[in-house]
Amino acid sequence: MRSASSIEKAHTRRTDFRGSGADFLPEFKAYIEDGKTIICSPHKLYGPQANDLPLQARKQRVDQIILAGMLANMCVESHCREFLELGFEVGIVRDAVAAPKLPEGDGYLSALINFRYMANGLWTTDEVVKMLVQA
């Protein structure tokens, strides 16, 4: 059986991209590198099917996920659908997602409509912060 330190080192090697040219924004580093945040491999298309986020969440006994992100009607929605299919409870932060507005339609509005039907919760950032502080 591998020791905790060897597992931690393997996890660090796999997720550590120092020296790669990529980095976290300085204002978020303290929160991301807090020792509690799960850092997984990047997703390849739109959802988590090709990365290890579901596995990493299960290893930490996480069964509730809060989603936010840049492309509401594609990446965020794909993650939501996959996590729901895998049995996670999923909430989405409505004012922490974005989507394009094109002549053919409004991606943000489309995503919000779908989130209302799928997600276990659809909240504002202020509502999420209040819930997390109370938890």
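Look up: the structure comes first, before these words.
Residues numbered from 1 in each chain as written. Predicted model: local features only at pLDDT ≥ 70, side-chain atom pairs only at ≥ 80, totals over all residues. Heavy atoms only, no water.

### Observations concerning the environment of Asp95
Piece 1. Position of Asp95 relative to the elements: it lies in strand 2 (residues 89-97).
Piece 2. As for Asp95 and Trp123, which are separated by 28 residues in sequence, their C-alpha atoms are 7.9 Å apart.
Piece 3. If we skip the residues at most four places from it in the chain, Asp95 touches Tyr108, Trp123, Thr124 and Thr125.
Piece 4. Of the polar contacts made by the side chain of Asp95, one reaches the side chain of Thr125; its length is 2.7 Å. (Helix = DSSP H or I, 4+ residues; strand = E, 2+ residues; numbered from the N terminus. Contact = heavy atoms within 4.5 Å. Polar contact = N/O pair within 3.5 Å; in protein donor to acceptor, adjacent residues only side chain to side chain.)

### Section: helix 5 (residues 107-118)
Piece 1. If you check helix 5, its first and last C-alpha atoms are 16 Å apart, about what twelve residues at 1.5 Å a residue would give, namely 16 Å.
Piece 2. Residues of helix 5 that are buried in the fold lie against helix 4 (72-85), strand 2, strand 4 (105-106) and strand 5 (121-123).
Piece 3. One side-chain oxygen of the residue at the start of helix 5 lies 3.0 Å from the amide nitrogen of Tyr108, identifying that residue as Asp106. (Expected span 1.5 Å × (residues − 1).)

### Observations regarding helix 4
Piece 1. In this model, helix 4 (14 residues) spans 18 Å end to end at C-alpha, consistent with the 20 Å of a helix rising 1.5 Å per residue.
Piece 2. All buried positions along helix 4 are accounted for by Ala72, Cys75, Val76, Glu77, His79, Cys80, Glu82 and Phe83.
Piece 3. Buried positions along helix 4 lie against helix 3 (53-59), strand 1 (64-69), strand 2 and helix 5.
Piece 4. Phi for Gly87, located one or two positions after helix 4, is positive at around 95°. (Buried < 20%, exposed > 50% of the residue type's maximum accessible area, 1.4 Å probe, protein only.)

### So, the sheet that holds strand 2
Piece 1. Spatially, the three strands line up as an open sheet ordered 1-2-5, and their pairing is parallel. Every interior strand has two partners, whereas the edge strands, strand 1 and strand 5, have only one. Shown here is a sheet whose adjacent strand axes are inclined to one another by a mean of 25°, direction ignored. (Pairing = 2+ DSSP bridges. Axes fitted to C-alpha atoms, helices over the stretch in contact; angles between N-to-C directions.)

### Here we look at the pattern of salt bridges
Oppositely charged side chains are able to pair whenever their charged atoms sit close together.
Piece 1. For the structure shown, the criterion picks out two salt bridges.
Piece 2. Between Glu77 and Arg81 there is a salt bridge, with its nearest N and O atoms 2.8 Å apart. Residue Glu77 and its partner Arg81 are located together in helix 4, separated by four residues, close to a single helical turn.
Piece 3. Taking the relative accessible area as the measure of exposure, Glu77 reaches 8% and is therefore buried.
Piece 4. Linking Lys101 and Asp106 is a salt bridge whose minimum nitrogen-to-oxygen distance equals 3.7 Å. (Salt bridge = Lys/Arg side-chain N within 4 Å of Asp/Glu carboxyl O.)

### Quick word on the packing of aromatic side chains
Piece 1. For the coordinates displayed, the defined rule picks out one aromatic pair.
Piece 2. Ring centres 5.3 Å apart and planes at 80° place the aromatic pair Phe83 and Phe88 in the edge-to-face group. Exposure class is identical for Phe83 and Phe88. Each is buried.
Piece 3. Directly above the ring of Phe88 sits Arg58, whose terminal nitrogen or CZ lies 3.9 Å from the centroid. (Phe/Tyr/Trp six-rings, centres within 6.5 Å; stacked < 30°, edge-to-face > 60°. Lys NZ or Arg CZ within 6 Å of the ring centre and 35° of its normal.)

Remember that the coordinates give geometry; whether it matters functionally is a separate question.
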